[in-house]
Structures are given as C-alpha cells and as structure tokens.
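If you want the building blocks of each chain, they are given just below.
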Amino acid sequence: YSILEEKLLELNLQLKSNSRNKRFKPTLYQEEFLNQEIKLKSKTLFLDIAVCNFIIDDEPGTIVVLNNISEAVRNEREKIINTYRDRLVNSVSHELRTPLNMIMAFISIIAEKNKDPTVIHEVNTVQINGELLLCRINDLLDYSKFLKGTKRIVLELQHFLVNNLMLDIIKL
C-alpha cells in the first residue's frame, strides 16, 4: 500500500513539474465506474473506480483511483431495509388488529347470549387467546414506534397472583 502511495506522489510531482514542458500532453480521457460490486472470498466491496489515461514524454500512463464506498452502501441498504420493515410491521399490525377487534366483539355477544356452560367455557378460551393475540399485536406496534424513536419504553411494576396465572395457563 505504501509503495502505491509513493508512486502516486511521485507521479503527481512529475505531472506538476512537466506541466510547463511542451512534451506533456493532457489527459486523453477519464472513465468512471461508479458503485461497482466486487466479491471476494470473505466479503463484498463496493468501489467507485476512476481510470485516467495520460501521456508524459511520449510515454502513455494510466492512473486508477479506487474509492471504497462499502460502508456508505451498507448504510444505505440498511436504511432501506429498516424503512420497509417498519412499513410492513405497521401495515400487518393494523390489518390484523381491525379484524381481531371485530372477532372479539362478536365473541362477547355470543358469551352474553349463550347460557350453556360448555359454550361459555369455549367462548372464554377464545376471548383469552384473542386478548393475548391483541396484546402481541400492540407490542409489535409499540416496538416499531420504539425503533423509530417516537415512543419511549416505560417499565411498570405490576402485582399479580401466581394462582390466577396458573389457572389461565391450564384453561388454555
């Protein structure tokens, strides 16, 4: 790497000293190959490549400048992925929550109108699972808002009875 730097510095000095010389001819052409993907064994590099051809003392030369833009490309891709993930989470969450709320409302109506203990037990099981699913959907929305920075997480201390929790688990 240091040899390349020395050669480029030497060439730069030579270009400056020969710029007053009539034998120096300006650049013939320059080509740019922006955002080229190069796959290596262990990783992928993204490079901007510029090729500059010139003539000094009737001798042709070429300078190739490589600019590693891998980090910028990775950051841009990550930003795009995060945007699509957030859109997907919001869309899916809202699309699930609306019909689930309708199902929960109909289950409540069935529970109120029916007096059969077997049906009431089954309706209660559906209600418990629906509420758990609705909580997970809301958690997903909260997580999405937290990632965007629009919501803060506040931890709350809540008391609960272990016996009731165990009974709810057994009912499932």
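In this text the structure is predicted, and so the values were computed from the model without any measurement.

Visitor: Looking at this structure, how should I read the overall build of the protein chain?
Guide: Looking only at helices and strands, the protein chain features four helices and three strands. Start at the N end of the protein chain and walk to the C end: the helices and strands fall as α-β-β-β-α-α-α. Counting over 172 residues, the protein chain shows a buried share of 19%. A separation threshold of at least 6 residues defines the contact pool for the protein chain, and within that pool the share at least 24 residues apart is 46%.

Visitor: What is the right way to look at the pattern of salt bridges in this model?
Guide: Where charged atoms from two side chains of opposite charge come close, those side chains can pair. One pass over the full model with this rule turns up three salt bridges. The closest approach of N and O atoms between Glu-71 and Arg-74, which form a salt bridge, is 3.4 Å. With Glu-71 and Arg-74 both in helix H2 (residues 70-113), this residue pair falls three residues apart, about one helical turn. Residue Arg-74 is classed as partly exposed on the basis of its relative accessible area of 43%.

Visitor: Help me out: how do you make sense of the environment of Tyr-143 in this one?
Guide: With respect to the element layout, Tyr-143 can be found in helix H3 (residues 117-148). On the accessibility criterion, Tyr-143 (47% relative accessible area) is partly exposed. Between the C-alpha atom of Tyr-143 and that of Val-89, which follows or precedes it by 54 residues, the distance is 9.3 Å.

Visitor: What is the right way to look at the packing of H2 against H3 in this model?
Guide: The description of two packed helices rests on the angle between their axes and on the distance between the axes. For the pair H2 and H3, the least separation of the axes is 9 Å and the interaxial angle reads 155°. Relative to H3, the element H2 is oriented roughly antiparallel. As H2 packs across H3, the resulting crossing turns out to be left-handed. For the contact of H2 with H3, a count of residues per class yields 15 nonpolar, nine polar and five charged.

Visitor: Looking at this structure, I do not really get the confidence of the model for the protein chain. What am I missing?
Guide: Interpretation of the predicted coordinates at a detailed level should be avoided for regions scoring low in pLDDT. On average, residues of the protein chain score 76 in pLDDT, and 76% of them are at 70 or above. Highest mean pLDDT in the protein chain belongs to H2 (86); lowest belongs to helix H1 (residues 2-18) (56). Throughout residues 21-29 the model reports pLDDT below 50, and contacts reaching past four residues in sequence, or to other chains, amount to 20 contacts.

Visitor: Where do I start with the side chain of Asp-86 in this structure?
Guide: Mapped onto the fold, Asp-86 is located in helix H2. For Asp-86, a relative accessible area of 14% puts it in the buried group. Sequence-distant contacts of Asp-86, defined by excluding residues within four places in its chain, comprise Ser-144 and Lys-148.

Visitor: How should I be thinking about the side chain of Gln-127 in this particular structure?
Guide: One can find Gln-127 in helix H3. For Gln-127, a relative accessible area of 17% translates into the label buried. For Gln-127, the side chain forms a polar contact with the side chain of Ser-108, separated by 3.4 Å. Contact partners of Gln-127, with chain neighbours within four places excluded, come to Met-104, Ile-107 and Ser-108.

Visitor: Please explain H3 as it appears in this structure.
Guide: Residues separated by three or four positions in an α-helix point in the same direction, a consequence of the helix having 3.6 residues per turn. Compared with an ideal rise of 1.5 Å per residue, which puts 32 residues at 46 Å, H3 spans 47 Å between its outermost C-alpha atoms and is within 8% of the ideal. Here H3 has its buried residues at Val-123, Thr-125, Gln-127, Gly-130, Leu-134, Ile-137, Leu-141 and Ser-144. Where H3 is buried, its residues contact H2 and helix H4 (162-171).

Visitor: How do you make sense of the environment of Asn-82 when you look at a structure like this?
Guide: Of note, Asn-82 is situated in helix H2. Using a relative accessible area of 26% as the deciding quantity, one classes Asn-82 as partly exposed. Expressed as a C-alpha distance, the spacing of Asn-82 and Leu-147, which sit 65 residues apart in the sequence, is 9.3 Å.

Criteria and cut-off values
- Residues numbered from 1 in each chain as written.
- Predicted model: local features only at pLDDT ≥ 70, side-chain atom pairs only at ≥ 80, totals over all residues.
- Heavy atoms only, no water.
- Helix = DSSP H or I, 4+ residues; strand = E, 2+ residues; numbered from the N terminus.
- Buried < 20%, exposed > 50% of the residue type's maximum accessible area, 1.4 Å probe, protein only.
- Contact = heavy atoms within 4.5 Å.
- Salt bridge = Lys/Arg side-chain N within 4 Å of Asp/Glu carboxyl O.
- Axes fitted to C-alpha atoms, helices over the stretch in contact; angles between N-to-C directions.
- Parallel < 35°, antiparallel > 145°, perpendicular 65-115°, else oblique.
- Left-handed = near helix turned anticlockwise from the far one by under 90°.
- Nonpolar A, V, L, I, M, F, W, Y, C, P; charged D, E, K, R; others polar.
- pLDDT = per-residue confidence, 0-100.
- Polar contact = N/O pair within 3.5 Å; in protein donor to acceptor, adjacent residues only side chain to side chain.
- Expected span 1.5 Å × (residues − 1).

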